[in-house]
Amino acid sequence: LYRLNFYAKLGDQLAHTSASPKPAGPVFKESMPEIEAFCRLRSWGTPVVRYENQSFKEEKVIYADSTLFQVFTFTLLEGDPATALTAPNSVVLTRQAAEKYFGTGKALGRTLRFGDEACMVTGVVADMPQNAHFRYDFFRSLSGFNLGWDDNWGSTNYHNYFLLRKGADPAALSEKATAIFI
């Protein structure tokens, strides 16, 4: 499992970031058979999340591709990993977030409001371990999330993760990725 890092020179300034362009995931997957799957993550603000008479400003919210469960080995407690993030306005919660809003009852099929948007809970995942690379409580579907400028190769607002096939050479893939950017 690899994350794409982005290196660029813009005039006299050097950019080195773990954020990379949105199109990199699907273009690299299409161009490089060594990539088994990809998943993009994109943060976007700290929304107020509401359920009935409860509302909380949430900081651990991220948008994710429907391939989240193909790339990462999260334990899904409720829902179907193949479809949990395929529909627009769907959301997968950690167990802790589900209990915060719904108590110990089932969360699947319930609706949370993220600002003005209604999102259906399509999955509950086990809480992230403390030593995880990233820890979010809400994974919203990237399906239907389109800001327009995000599709530009110069916009580096996503974290692209790639699951490589067994035997793939990461150094060779890095060279192929660089050739695509040039």
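Each remark here, short or long, concerns the structure printed above.
Residues numbered from 1 in each chain as written. Predicted model: local features only at pLDDT ≥ 70, side-chain atom pairs only at ≥ 80, totals over all residues. Heavy atoms only, no water.

(A) Expanded view of the overall build of the chain. Scanning the chain from terminus to terminus reveals four helices and 13 strands. Against the globule reference of 16 Å for 182 residues, the chain gives a C-alpha radius of gyration of 17 Å, in line with a compact fold. For the chain, the C-alpha atoms occupy an extent of roughly 50 × 35 × 30 Å along the three principal directions. Taking all 182 residues of the chain together, the buried fraction comes to 41%. (Helix = DSSP H or I, 4+ residues; strand = E, 2+ residues; numbered from the N terminus. Rg over C-alpha atoms; globule rule 2.2 N^0.38 Å. Buried < 20%, exposed > 50% of the residue type's maximum accessible area, 1.4 Å probe, protein only.)

(B) A look at the nonpolar core. With 19 residues, the main nonpolar core has Leu 41, Leu 68, Phe 72, Val 92, Phe 134 and Phe 139 as its most contacted residues. Of all the elements in the fold, those that place two or more residues in this core are β4 (35-42), β7 (61-64), α2 (68-71) and β13 (159-164). Here Phe 134 is in contact with Leu 41, Phe 72, Phe 74, Met 128, Phe 139 and Tyr 161, once residues within four sequence places are set aside. Counting 16 residues, the second largest nonpolar core, distinct from the first, contains Val 61, Val 91, Ala 98 and Val 124. (Core = buried A, V, L, I, M, F, W, Y, C linked by side-chain atoms within 4.5 Å. Contact = heavy atoms within 4.5 Å.)

(C) Geometry of the side chain of Asp 137. Positionally, Asp 137 belongs in the loop between β11 (117-125) and β12 (138-141). Here Asp 137 is in contact with Lys 60, Val 92, Leu 93, Thr 94 and Ala 97, once residues within four sequence places are set aside.

(D) Region of interest: the state of the cysteines. All chains considered together, the criterion is met by zero disulfides. Here Cys 39 stays unpaired: no disulfide links it, and the sulfur of Cys 119, its closest cysteine neighbor, is 17 Å away. Classification of Cys 39 as buried rests on a relative accessible area of 0%. (Disulfide = S-S within 2.5 Å.)

(E) Molecular detail of helix α4 (residues 170-181). The end-to-end C-alpha separation of α4 is 17 Å, in line with the 16 Å expected for 12 residues at 1.5 Å each. Measuring from the side-chain oxygen of the N-cap residue of α4 to the backbone nitrogen of Ala 171 gives 3.1 Å; that N-cap residue is Asp 169. (Expected span 1.5 Å × (residues − 1). Polar contact = N/O pair within 3.5 Å; in protein donor to acceptor, adjacent residues only side chain to side chain.)

(F) Region of interest: the packing of aromatic side chains. All told, the structure shown has 18 aromatic pairs when counted by the stated rule. Aromatic side chains Phe 74 and Phe 134 sit 6.3 Å apart centroid to centroid with 75° between the ring planes, which places their arrangement in the edge-to-face category. With a gap of 60 residues between them, Phe 74 in the loop between α2 and β8 (76-79) and Phe 134 in the loop between β11 and β12 connect regions that are remote in the sequence. Classification of Phe 134 as buried rests on a relative accessible area of 11%. With 6.1 Å between their ring centres and 75° between their planes, Tyr 101 and Phe 138 make a pair best called edge-to-face. Residue Tyr 101 is located in helix α3 (residues 95-102), and its partner Phe 138 is located in strand β12; the two are separated by 37 residues in the primary sequence. (Phe/Tyr/Trp six-rings, centres within 6.5 Å; stacked < 30°, edge-to-face > 60°.)

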